[in-house]
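Letter by letter, the chains look like this.
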Amino acid sequence: MCQSLTIRRPDDWHLHLRDGEMLAAVLPHSAAHFARAIIMPNLVPPVVTGADAAAYRARIVAALPEGADFTPLMTLYLTEDTDPEDVAAAHAQGLISAVKLYPAGATTNSASGVTDFDRVAPVLEKMAEIGLPLCTHGEVTDPAVDIFDREAVFIEKVLDPIRRRHPGLRVVMEHITTKDAADYVRSVETGLGATITTHHLVINRNHILVGGIKPHYYCLPVAKREQHRLALRAAATSGDARFFLGTDSAPHTDANKLLPCGCAGCFTAPNTMSILAEVFEQENALDRLEGFASLHGPAFYDMAPNEATLTLTRSPARYPEQIETAEGPVTVFDPMMPLNWSVA
Ligand SMILES: NC(=O)N[C@@H](CC(=O)O)C(=O)O
Ligand SMILES: [Zn+2]
Ligand SMILES: [Zn+2]
């Protein structure tokens, strides 16, 4: 039985770091294991211009613990007023790595998102021209569509039409939660990838709802039926380079989670690598963890994989149940299983 596993240092292709005191509290957990991360722009107010992204990046770099080796890869939040030239200039300066599409109202802090997709066509056209990827929160917001169907309907009604209209546009389907999404990714040879979170490899919708409501397992897109979780595990552990890790680690204070109307998001930064090692071992695919966490993402984003390495050893993982922040405690995702791999 293998006792240690050394992989290229992983990257997180979908991460929420927030700002201010919360940023200071959560950033060390990501920087300890990950070399780079795609930083989500859904602050209040959102990161919409190149200037916003430069300022946010400076705040992240200033909050890094001493000696940390971590590069934030910035994104812009797409609005109906986004200026294609501002996007192109930010990309040309190396300031941004992607633009993020949130359908208006789909998730946490998405009020400034897109309602009329025609209005963002000039930005998408420019992005296709310069090779800048679009990251999508893939859920429709039509109240008539059941929340468990919102991802599948998004693919059919929004994503596929966008991809037909902008054939050169590179797209990352973020935090996919369904077999439908995995199948759609596989149906396209190039220019389409998907991130898969740690928690969606572990929980299905029963974990949220059976035996009492579990706010800490509530995230968006909401976890689906078991057959979908199994499809995600198959995709993540398949070695298919179109699938890569985006933790979607999304901290909210317990005070904001444990409410009659609680926030969506799972905080997985501290124990993600231990959980992934466990999941990949359960699937007899430990040898494919490096591809999923460290190689496929850089390949999609046209970056070199990290030179540094990360070693996991077979020993019980230790992580706090909660972390303290100046805004209050944040509960760490509970994978409901012993974790037998620790980051050395
Ligand atoms: N995933 C979540 O449940 N929440 C994210 C937003 C998002 O990624 O949709 C957040 O910012 O809290
Ligand atoms: Zn999202
Ligand atoms: Zn997210």
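Residues numbered from 1 in each chain as written. Chains lettered and ligands numbered in written order. Predicted model: local features only at pLDDT ≥ 70, side-chain atom pairs only at ≥ 80, totals over all residues. Heavy atoms only, no water.

J.: Outline the coordination of the zinc ion (ligand 3), listing residues and values.
T.: Note on the zinc ion (ligand 3): its protein donors are His14 (NE2), His16 (NE2) and Asp248 (OD). The metal-donor distances range over 2.0 Å. Around the zinc ion (ligand 3) sit four donor atoms; with metal-centred angles ranging over 93 to 135°, the donor geometry is irregular. One chain supplies every donor for the zinc ion (ligand 3), spaced along it as H-x1-H-x231-D. Between the zinc ion (ligand 3) and the zinc ion (ligand 2) there is a metal-metal distance of 3.8 Å. Placement of His16 in the loop between strand E2 (12–15) and helix H1 (20–33) and of Asp248 in the loop between strand E9 (243–245) and helix H9 (254–257) is noted, with a sequence separation of 232 residues between them. (Donors = N, O, S within 2.8 Å, 3.2 Å for Na, K, Ca; no water. Tetrahedral: all angles 85-135°; square planar, octahedral: opposite > 155°, others 65-115°. Helix = DSSP H or I, 4+ residues; strand = E, 2+ residues; numbered from the N terminus.)

J.: Any chance you could break down helix H6 (residues 179–186) for me, citing the residues and the numbers?
T.: Those residues of H6 that fall on the buried side of the exposure criterion are Ala181, Ala182, Tyr184 and Val185. End-on view of H6: buried residues confined to an arc of 160°, all on one side of the axis. Packed against the buried residues of H6 are helix H5 (150–165), strand E7 (171–173), strand E8 (192–196), helix H8 (226–236) and E9. (Buried < 20%, exposed > 50% of the residue type's maximum accessible area, 1.4 Å probe, protein only. Arc of directions from axis to C-beta. Contact = heavy atoms within 4.5 Å.)

J.: Help me get a handle on the site of ligand 1, residues and values and all.
T.: In the region of ligand 1, 15 residues are neighbours, and Asn42, Thr107, Leu220, Asp248 and His252 sit closest. Between Leu220 and ligand 1, the recorded distance is 2.7 Å, taken from a backbone N or O atom to an oxygen atom. The side chain of His252 places a nitrogen or oxygen atom 2.8 Å from an oxygen atom of ligand 1. The protein chains hide 100% of the 320 Å² of surface that ligand 1 would expose on its own. (Near = heavy atom within 4 Å. Polar contact = N/O pair within 3.5 Å; in protein donor to acceptor, adjacent residues only side chain to side chain. Areas by Shrake-Rupley, 256 points an atom, 1.4 Å probe, with all protein chains shown as cover.)

J.: Account for the coordination of the zinc ion (ligand 2), naming residues and giving values.
T.: Coordination of the zinc ion (ligand 2) by the protein involves His137 (ND1) and His175 (NE2), with metal-donor separations of 2.0 to 2.1 Å. Look at His137 and you get buried, because its relative accessible area is 1%.

J.: I'd love a proper account of the sheet that holds strand E1 (residues 4–8), names of residues and values included.
T.: As summarised here, the arrangement of the three strands in space is E1-E10-E13, forming an open sheet in which the pairing is antiparallel. Edge strands, defined here as strands with exactly one partner in the open sheet, are E1 and strand E13 (341–343). Strand-to-strand twist of the sheet, defined as the mean angle between neighbouring strand axes without regard to direction, takes the value 25°. Sheet analysis places strand E10 (residues 309–314) next to E13, joined by three bridges and oriented antiparallel. In the sheet register, Leu312 faces E13, and the bridge partner there is Val343. Sheet strands in contact with helix H10 (residues 272–282) are E1, E10 and E13, and its direction is about 145° off that of E13. (Pairing = 2+ DSSP bridges. Axes fitted to C-alpha atoms, helices over the stretch in contact; angles between N-to-C directions.)

J.: Outline the UniProt feature "modified residue: N6-carboxylysine" (unreviewed entry) in the chain, listing residues and values.
T.: Per the UniProt annotation, the sites labelled "modified residue: N6-carboxylysine" (unreviewed entry) are Lys100. For Lys100, a relative accessible area of 1% puts it in the buried group. Sequence-distant contacts of Lys100, that is, excluding residues within four places in its chain, are made with His14, Met40, Pro41, Leu76, Tyr77, Leu78, Cys135, Thr136, His137 and Glu174. (UniProt positions renumbered as here; feature names shortened; annotations may be inferred.)

J.: Could you give me a rundown of the pairing of strand E4 (residues 71–77), with the residues and numbers involved?
T.: Of all seven residues that make up E4, six are buried, and the element is covered over most of its length. Bridge analysis of strand E3 (residues 36–39) against E4 gives four bridges, and the strand direction is parallel. Residue pairing across strands places Arg36 opposite Thr71, the latter belonging to E4. Since E3 and E4 lie parallel, the crossover through helix H2 (residues 50–63) that links them has a hand, and here it is right-handed. Summarising the sheet, E4 and strand E5 (residues 96–101) pair through four bridges and their orientation is parallel. Across the sheet, the residue bridging to Thr75 is Ala98, located in E5. Crossover connection from E4 via helix H3 (residues 84–92) to parallel E5: handedness right-handed. (Right-handed = clockwise from strand over helix to strand, strands pointing away.)

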